[in-house]
Each structure stands twice: as structure tokens, then as C-alpha cells.
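Residues per chain, in single letters:
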Amino acid sequence: MTDDATTYPGREPLARRMTADAWDRVIGRFGFAVDRRIEGSAHAFAVRSSVPHGTITAIDSNEAKTVPGVLAVITGPDVRVDPSVATTHGETRQDQPVLAFDKVRYVGEPVALVVAETRTAAEDAAALVDVEIAELDLVVDHELAGQPGAPVLHEAWPDNECGTWTLRHGDAEAAMARAEVVHRATYRSPAANHAPMEPHVATAAWLPDGRLEVWTSTQAPYPVRRRLAEIFGLAEDRVRVCVDPLGGGFGSKLDLRLEALVALGSRAVRRPVRMELRRDEVFVTSAKHAATVTITTGADRDGTLRARIVDIVYNGGAYALSTPRSTRTGMIRSPGPYAIPDVLCRVVGRYTNTVPAGPFRGAMTGQVCWAHESATDELAALLGMDPLELRMRNVLRDGDLFATGEAMHGMRYRELVDAAAKGVDWDADAGPTRPELARGKGMAVVLKSTRTPSRSEAHIVLDATGRVTVRTSTVEMGQGAHASMAQLAAARLEMPADDVLVSTIDTHRTPFDTTTSSSRSTLTMGTAVERAADDLRRRIDELATAGRPGTAAPTHSNGAVTVALPEPTVLRYEDLLAGAGLDELVGTGCYQSPPGAGEMDPETTQGMHTVSWHQGAVAVEVEVDVETGRVRVLRAHGASFAGRAVDERRIRKQTEGGMIFGLGQVLMEEVVYDDGQVMNPNLSDYQIPSILDAPERVGSTVLTDPDPDAHPHGVGENTVPPMAPAIANAICAATGVRIRDLPLTPEKVLRAIHEPAVRTP
Amino acid sequence: MVTFVRCATAADAVAAVRDGDGTAKFVGGGTALVLLLQMRLVQVDTLVGVRTIGDVPGWSGIEQRGNVLWIGGGVTLAEVAGSALVRGYAPSLARAASVVGNVRVRNAATLAGNIAEADYASDPPAVLVSLDASVVVHDGARQRAVLARDVFTDFYTTSLDESDLVIGVAVPLVDGSVSAYRKFASRSMEDRPCVGVAVSARFEDGAVGALEVVIGAVSGTPQRWPEITERAWGRRLAAPLMATIADRYADAVDPIADIRGSAWYRREMVRVNVRRALEEVAASADD
């Protein structure tokens, strides 16, 4: 990998580059991770379990080894007896083998790895590896996985338990007993696939001195480095992780994916080894947690919320990944952005014989937002209230206590609800339409936190030619993070953003960052970049005023400083460096969440959960064909609070794009299992929205904080989770039917219309 | 290793597939075949490219030949959808061709390839049956025409030999005929149909002179029940008659269940979409 930051994405500065970026993406010239080629690479293909749960009894790779071009076949049992490779690994629990050796726990689990001169040869040979598996009883459903006698995936976790937490704020049970109106319902959402356009890809190469280099499509360069170091028993500094821009991530590229496999392969054949997933492999590599959420709400007759009890079961799939900790995050967000005096939430994650589940844009929140926002409308119907009014009455305001016991501030929900409603002309009657078409409007709000604790570091380098480059490990994956970093640095240096470059990621060169996830980068890395820019500016000022004590601080403009000497003199950055005999000047900056942030009471989950709460609202208008059940979203309007806005156009793109992304999980997306097999592991059988499915009118409102010292808020996920309940609420407004399990297929809608029992009173 | 051969004549192409003895396949736009190859549902040693064929008159063209509309074996779905001739004489076929896959697929896929693939969940087959179209094939020595309704025999299966090359489609042109195609997709707008309904009709003095209703995507082959549609002959295509035909089709159909809908749902979608397609042709006849 080249170290020259100017090679990404072109030699042109940013603004011209922004246009060129889009153009390059469209014509296929943009350099994605999947385009990276390392000279001399061999190719790996995984042999995957075709059995959802079983014991490996034999693996015969003799025939595979006869395929021309095959260099090595590595099996789980081979790795098991290799003392230089950790038997199992995991972010939260050491429960996952690099290659399965004793048991297989889901269809698609890697059992062996074939390395060959070409990908085709590896793929052909993989089909010839004979894996004998004695089948065990399987469990796919997370509710069944918790029942006595359910098949057990991991002996260490006999109840298939994978993350258990409780949040206790006040006495919800007592308050519920006193409530004038109580509503209770259960809401289900299925596993979904992130379906990034770019499949997962990685290349590993071992250097002769035992260092490991990896080029990978990850959202988490530093965690991947740490995990590789753990698995192969290396010091972290002996592992180098490089990341090119991704063709979409959405959470699917956060955990260790292919990196350990290619490292194993490369070590076996002493060459770089590359692996690029086929689309069907993408489907068995990551997933959204399926979930069941039962929510009970107590309220006064006037609509004041009094108590909420939430019970959540998440389907973690076959291995823990982040589920034991992320279940808590989902639980904390599950009461929704409401001021409720008494709240009780209980969550459990369950291991099942399905694809291991991990974060999915709006991580762990889509499932609970689906529940609390459907429930809000159902409660409004019980109370005979306008659901908008019910929200306005109860949404969090400054000073309100949230369920974690935190006093909330910067709460903008009333404005967000109002803006979303106005965006779809909430009070206007639907226009005339054909008798078989029914129109309705729906709304939903969401509260999301960002990962805490976390840390981001940035370096800004001024080189001898006067060029300014931000070195950051924030991954560019289409969200525009690099453009924002350039803009933030440029503002502090008072130079055009066009003239600031942003490096690609190389853990030997770009400093630490927790992950690119959780809508955290603009706040955390953005702050680090601003501090690095301030630091660089200070160092430039020192150079400019060196030997002239008492000189006023210089002014900066367009890559030059003006110093009063006493006559104002303009000095270009490169000349300052040359004059001081310096090749470069580096400013550094760090963001670290405050001590204690993110630490919660283990029994009650009270405490300061997050450094930033993300606030969003969505309103939609739908048209339901009551003869077919087909739902068309006519209008969608998203509202998001951005804090100090870096670039309003990019915020709008996230806000509006999030709704179109979210539309898929509402109307059509579901990973379908039959007997433990994924039945739709391709983009024909698993559908995501096309541009023809996008609402005819998509709008957004961006609320900002004019205070120049305010911090930016993450906006990458704020309109994804609310889409499902907003659309379900609109369908109910149009037709009177309430559907509580996603996706909202035409068949479910039509069945509900045909079966009046499902109608709400 | 797969060999790709480009053929200049129909006879060469047929010979190449025949010589492959089950390991060679014709490829036109390649949109379906490449997917099947990727999924390893089809294994081939030789791909016989037919886009370069130069000796079949009208191979790449759409033309009127007397009372027949000819669509050559090299014609893409996008060309079918955009053709003024097809839109004028067989609007249902233009419509069906315009909703297959997405624009990238339609720009590459050919109508002939669509027929040869015989995907039960595609749009053109039902329309070709409803229009009483013939599929013209070349077997290396001579040409023959096979009625579309006799071509499709099961899921992904035709009555054609593996080495029969589809060189064109002949759609009979009938004075005063009207047609419509309704694709009903249950997921993305770019999904394959959950149910497709093709209707072709001719009206005489306001009464039905002929009527054909063909259902696609509900089972292995396009489905038609002439005994139901023939009862409409001589009658006005009014709302009660349309509802009756729709109900009878819904009763007659034995739908599959798949990821796009259960059997129950497909039956209901046959009912709704047959009625709506009949309403469309009735309205176009009134114009």
C-alpha cells in the first residue's frame, strides 16, 4: 500500500475531488477496498458448513488438493492443534474458532480454507473438500432457544444466554398497576442483511520477520489489529492494517471478518492471500439481530405516560461478537425518547444456529423503535388521541430524566416532531384517489446513543510543499466522513477545504480510532481533527513569530500567515518550513470521552450512558392498495438534530438516504431460514429497494445549534429506525389494520384487511 | 475453464452446441446464464455467443412481415420495449419487455434468451402465449415454428432441443385486437412478478370476438383456461363478466408458494389482476 495520501482518491484537492469522486464512483474508476490488488497474491475460498448444527467427524481434503493450482487446504482441526493460533477468539466472549474444529453452529460457518493460484481453482477445490458432520438438533428461533430443553450451542452457556441486562428506574410494576390505561403488545422483526454493494474483501501478507500486514474492508481498523494480534500471538505493533474506502458497510464490516482467514492462508503458502466474498457468502457473514419486543405502557387518560415495561429477546446467532454488550445498548434505547417516571427493561440475547448477528445501521435500535413507536400509536388509538399530540405531550424536554436517570439537555424532539409532521402536511386531507387505494400518514421518533467510552486521534501534517493532510483512521464508506474532516481542519486553518487532503488508513501511519460506527466520527474524530488543526496552527504561529517576542499572533489565510514585523508580512507555510529547515510540521489532537462516561450500574443500568444522544423523527404518507395489500410510500420527511452542523448537504443526504435504506427492512427485507438454511442468499431472492421503490417525495429538516462551541451530533442513523413504525402507523391510519411483525409485506397487509379480528378497535 | 466462441452463422452456432454434447450453451445477453453459472446451477465448457450471427434475415430487427410481427433472435428486451411497431401492434409485449429486471438487464437480455430460459417468474412468456405467438427455431439444417404455448413445458424447461437456436419470434397481427399486461410484484418494483396477467382480446360491435387470458409466475408454465374465456365470446365485457372471469381464474389456478407469496396470496392476486387487466383492455377498446 502506498503511503502517499495524495493517491486517494486522486491528486486533485478536495472540492474538485468531491465532484470527481461522484464521477469516479459512477464510471467505476473510484478505488474501493475491493479494487486493491497486492502483487503475487494467491486466492482463498472457504469451505463452509452445510449443516446448521453438528459435530465434525471427518474432513477429507485429498481430492481438493489434486485440483491444479491448489496450494494448500487448511482445516479447522489443523488450526486446533497449531499452538501458534488461538483456539477461539471474540470481542466479548472467546467463543468463536477461526475455522470450526469440533462443532459447526450455523450454515455457512467456515470449516476449511482452500488457497490456490486463482479464485476459480480455490472455489472448484473447495467444492471437493468432504466434510462429514453428525447432525445435532438445531434452534433458529431466539424465543425457542431460551426454553428448557432447547438445543445448546455452547457448553459454557447452557441456556444459550448471550447478554442479559436489566434497567430499573423507579418502580414500573407498581406504577403500571396504578395506571388508568394500559397497553401491551409484542413486536417482531426478522434478521436482515446489510447488503453493502461491495462484498467483504481482505488480503494478508506475512513479512519474513514475522510481521503481519492486512488490507481489508473493515470499519474497525484498530480492533481488527488487536484481534489479529491476539489470535496470532503478536504484539499489536507487529500487525499493520490498511483500509481503502469501502463500498458500503452499514455495520457489516465492524467485527473481524476475513482477516484471520487470509492471515492463516498467507502463513501456509508464504505469499499474500486474498479473499473476496461471493454474494451468497456475504449473506452468511453478518446479519441484523432478529428480535421480539414486548412492551407494556401505562398512561393517564389525558395521555401522560406513567410507566413502561419492555422485555426484549435478541437473536445473537451462533457466536457472541458484540451481542453481550450491545444488548444492553438496545435495552437502554428501548423506552424511546419519552419522559416516563417509572421504567423497567429486561433484555436477553440468545445463541441460535443462525448467522452471527452484529450491528446494523441504527444498531439494536430498529428493533426497539419498531416496538415503542408502534405502541405509541396503539396507545393513542386507545386514548382517542392524535398520535402526534401524544408524542408532543411526552417527548423528552430539557431537564427531564431519561430512564437511565440522566437529566437530558439539548432535547429538540418537539421541533423534530413538528418538522416531520409539516413535511408531510400532517393535517391536510389526502387528495382524491381511486376507491381501491387508501392513504394515511404516520410518524415515529427515535433516541439513539453513541458508543461510549471511545477515543479518536488525528494528526494533521503540513509538509515541505505546503500541503496539509489529515491523517485519520476514520473509514470513508460513502458517508462523506473524509470530506467533513477536511472541512473541519480547513476551518481552523482558515484555508479552503479544497486544499486539505485526507489520508487512507494505515495503522502504522494513521493514529488510533475506536471504530467507524455508531454515528460517532463527526463528534469524536471531528473534535480530534479540530484539536489537531489548532495544535498545528499554534506550531505554525510559533515558527512565524520565532525570535520576535511580543509579536501578535499571525492571521492565517489560504496556506499562509500574515505577521506584523511591524510591517504586515505574508509568509507561505512552505516558506516557513523551509526557513526553519523542517520537512514537516505535525499537529496532533485527541478526543477521549470523559472519565466515567458509559459506566452504568450493573444491576439497574443507571448512570451516564453516552456522550451524545442522537435525535430523529420521520413522518410518511403511504398509499395502500386494499385489494393487493401493496404499500407505496408517497412521501417521507426526516428530521434530525445535527448540533453544530459541518455541512448541511451531507446531513440531508444522510437523513434522506437513511429513510430509503430503512424502507427496505420495512417493506421487503428478511433473511428467510428453513431448517437452518438461508433460503434467499442473493439479491434476487432477498430484495432491497430500487430507486423505483423510493418515495416520490423525500424531504428533510436539519435542526442545528448555532453556538460555535456546540459539538456536532451524529446524523448517520437518525432516520433509519423510525421508518418501520412510521410506515406501520400510516398503514393503520389508512386501513385500520395493525401489523406487528416486519417486514410489512403486501400479503400480511391483505391478510390483516381480510381478517377484521386484527383491526384495532 | 470455459471457452467462449463467437459464431457468424446460425448453423455454426447450432453445430457448436451440438458438438459440446451437453457441455455447451448459447449465450445472447448472458444476464440469466451468468447468474446460473455463478450459482453453479449450470455447468458449461463452452459458451456459444450468438450476438454476432449474420446470416439470419432480421436477426437484429423488429419488422412487419405481412400479417406477422417479427422480432429477431438478437433483439434486446429494451429494443422490444421501445419499438414503435411492438407498442402499436402488441402493447402487452412492449409492456412486459419493459418491466423485466432492470434497465441494465433489459439493455443486454434478448427476448429469444428470455424464451429459452423459460423462467416461470418472468414477464414475456405469458404475453407471448396470450398473443398466440410462435417461436422460430433453427436446428442447423432447417427452421421450424413452435407455438409459444407449446414451448414452455415446466420450470426452466422447454420443448426445444438443447441445440435449437431461437432465431426469432412471430406475433400474428389481428385487426382490432387489443392487449394488456399487468405485472404484480410483491416486493421491490424491480422484483420478478409474483403474478403476471396477459390479456389479448378482439371486439366486434362492442362484444368480445376473442379473448385470451394467460397467467404467468404462478406455476411452472403460463396458465390459460380457454373454457373460461370462451364463455365471454359474443358478450359485452362489462364489470360482472370481468369479475366472473377473474373469480373463475382464481378458482382454476393451482399456484405455487414461494418467497414472493403463498398460494393463497397468489390466488387472490390472480383474482385482482385478471379483473384489472380485463378492465384495461375494455378501456382501451373503448378508446
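What you see is a predicted model, and the numbers here were worked out from it, not measured in a lab.

What counts as what
The written sequence of each chain sets the order in which its residues are numbered from 1. All chains are assigned letters beginning at A, and all ligands numbers beginning at 1, according to the order in which they are written. This being a predicted model, a pLDDT of at least 70 is required before a residue's local features are given, and a value of 80 or more before pairs of side-chain atoms are given or counted; all residues contribute to the totals for chains, interfaces and linings. Only hydrogens and water are removed before side-chain values are computed, so all heavy atoms of the structure are retained for them. Pairing between two strands requires that DSSP report at least two bridges joining them. Note on conventions: DSSP H or I runs of at least 4 residues are helices, E runs of at least 2 residues are strands, and numbering of each starts at the N terminus. Axis definition: a line fitted to C-alpha atoms, limited for helices to the stretch in contact. Angles are taken between N-to-C directions and run from 0 to 180 degrees. Contacts: residue pairs with any heavy atoms within 4.5 Å of one another. Simply put, the buried area is the total loss of 1.4 Å probe accessible area from both parts when two parts are fitted together. One speaks of a salt bridge when a side-chain nitrogen belonging to Lys or Arg is within 4 Å of a carboxyl oxygen belonging to Asp or Glu. Pairs of N or O atoms are called polar contacts if they sit within 3.5 Å, as long as, within protein, a hydrogen donor faces a hydrogen acceptor (for residues adjacent in sequence, only side-chain-to-side-chain pairs). Polar here means any residue outside two lists: the nonpolar Ala, Val, Leu, Ile, Met, Phe, Trp, Tyr, Cys and Pro, and the charged Asp, Glu, Lys and Arg; Gly therefore counts as polar. Within this scheme, the nonpolar core is defined by two criteria: the residues are buried Ala, Val, Leu, Ile, Met, Phe, Trp, Tyr or Cys, and they are joined through side-chain atoms within 4.5 Å. Between buried and exposed lies partly exposed: a residue is buried under 20% and exposed over 50% of the maximum accessible area for its type, with that area taken using a 1.4 Å probe on protein chains only. What counts as a domain boundary in this text is fixed by an automatic or database domain assignment. Orientation labels follow simple angle bins: below 35 degrees gives roughly parallel, above 145 gives roughly antiparallel, 65 to 115 gives roughly perpendicular, and whatever is left gives oblique. A patch consists of residues whose relative accessible area exceeds 30% and which take part in no salt bridge; residues with like charges are grouped when within 9 Å of each other, and nonpolar side chains (Val, Leu, Ile, Met, Phe, Trp, Tyr) when within 5 Å. Where accessible areas are quoted, they stem from the Shrake-Rupley method and a 1.4 Å probe; at the residue level, only the protein chains shown are allowed to cover. Charge assignment in this entry is limited to Lys and Arg as positive and Asp and Glu as negative, and neither His nor the chain termini are counted. The location of each charge is read from NZ of Lys, CZ of Arg, CG of Asp or CD of Glu.

A. Representation of the sheet that holds strand β4 (residues 103–104) of chain A in the model. All names here are of chain A. Within the open sheet, the three strands sit side by side as β4-β2-β6. Their pairing is antiparallel. Edge positions in the sheet fall to β4 and β6 (130–135), since each of these pairs with one other strand and no more. Alignment of strand β2 (residues 54–60) against β4, held across two bridges, turns out to be antiparallel. Across the sheet, glycine 54 pairs through a bridge with valine 104, a residue of β4.

B. Structural view of the sheet that holds strand β23 (residues 568–572) of chain A. Residues and elements named next belong to chain A. The strand order across the open sheet formed by three strands is β21-β22-β23, and the pairing between neighbours is antiparallel. Lying at the two open borders of the sheet, with one neighbouring strand each, are β21 (555–557) and β23. Across the sheet, the axes of successive neighbouring strands diverge by a mean angle of 30°, strand direction being ignored. Across three bridges, the pairing between β21 and strand β22 (residues 560–564) is antiparallel. Looking across to β22, one finds that serine 557 is bridged to alanine 560.

C. How the structure looks around the interface of chain A and chain B. Contacts between chain A and chain B engage 25 residues on the former and 22 residues on the latter. For the chain A face of the interface with chain B, the top three residues by lost area are A:Glu627, A:Arg630 and A:Glu747, together amounting to 26%. Viewed at the interface, chain B and chain A are joined by five salt bridges. A:Glu627 serves as the salt-bridge partner of B:Arg276, at 2.7 Å between the closest nitrogen and oxygen. Taken together, the links from chain A to chain B amount to 16 residue pairs in polar contact (both at pLDDT 80 or more). For the side of chain A that touches chain B, the secondary-structure elements that each account for two or more residues are α4 (119–126) and α19 (746–754) of chain A. With five residues, α19(A) is the largest single contributor of residues to the side of chain A that touches chain B. The class makeup of the residues in the side of chain A that touches chain B is seven nonpolar, seven polar and 11 charged.

D. Layout of the nonpolar core. All names here are of chain A. Ranked by size, the top nonpolar core spans 85 residues in total, and within it Val620, Val622, Leu667, Ile727, Ile731 and Leu744 carry the most contacts. Among the elements that make up this core, the one with the highest residue count is helix α18 (residues 723–735) (eight residues). Judged by nonpolar contacts, the second largest core, of 45 residues, contains Val34, Ala44, Val224 and Val262.

E. Spatial organisation of the domain arrangement of chain A. Residue and element names in this part refer to chain A. The domains assigned to chain A are domain 1 (34–136 + 199–245 + 252–283), domain 2 (291–451 + 599–758) and domain 3 (454–592). Here domain 1 and domain 3 have C-alpha centroids that lie 39 Å from each other. With 16 residues of domain 1 at the contact, the number on the domain 3 side is 17 residues. The three residues of domain 1 that bury the most area against domain 3 are Gln219, Tyr222 and Arg240, which together make up 44% of that side's buried surface. Inspection of the region where domain 1 meets domain 3 yields one salt bridge. Arginine 240 is the partner of aspartate 506 in a salt bridge, and the nearest nitrogen-oxygen pair spans 2.6 Å. When contributions to the side of domain 1 that touches domain 3 are tallied by element, the ones reaching two or more residues are α7 (221–232) and β11 (239–243). Residue classes in the side of domain 1 that touches domain 3 are distributed as 10 nonpolar, two polar and four charged.

F. Representation of the packing of α19(A) against helix α12 (residues 263–286) of chain B. Taken N-terminus to C-terminus, the directions of α19(A) and α12(B) make an angle of 80°; their axes are 11 Å apart at the nearest point. Between α19(A) and α12(B), the interaxial angle falls into the category roughly perpendicular. Where α19(A) abuts α12(B), its residues A:Pro746, A:Glu747, A:Leu750, A:Arg751 and A:His754 lie against B:Trp264, B:Tyr265, B:Glu268 and B:Met269. Per-class residue counts for the contact of α19(A) with α12(B) are five nonpolar, one polar and three charged.

G. Structural context of the environment of A:Gly317. Residues and elements named next belong to chain A. Here glycine 317 lies in strand β14 (residues 305–317). Taking the relative accessible area as the measure of exposure, glycine 317 reaches 0% and is therefore buried. Between the C-alpha atom of glycine 317 and that of aspartate 60, which follows or precedes it by 257 residues, the distance is 28 Å. With residues near it in sequence (within four places) discarded, glycine 317 still touches Arg350, Tyr351, Thr352, Thr354, Val355, Pro356 and Ala357.

H. Structural detail: a negative patch on the surface. Together, A:Asp60, A:Glu63, A:Asp130 and A:Glu132 give the surface a local cluster of negative charge. Among the structural elements, A:Glu132 can be located in strand β6.

I. Fine view of unusual backbone geometry. All names here are of chain A. Between threonine 452 and the following residue, proline 453, the backbone shows a cis peptide bond with an omega angle of 0°. Relative to the helices and strands, proline 453 is located in the loop between β16 (437–449) and β17 (455–463). A cis geometry characterises the amide bond from leucine 742 onward to proline 743, with omega recorded as -5°. With respect to the element layout, proline 743 can be found in the loop between α18 and α19. At alanine 195, a residue that is not glycine, the phi angle is positive and equals roughly 45°. The residue alanine 195 is located in the loop between β8 (181–189) and β9 (201–206) in this model. Even without being a glycine, serine 518 presents a positive backbone phi close to 65°.

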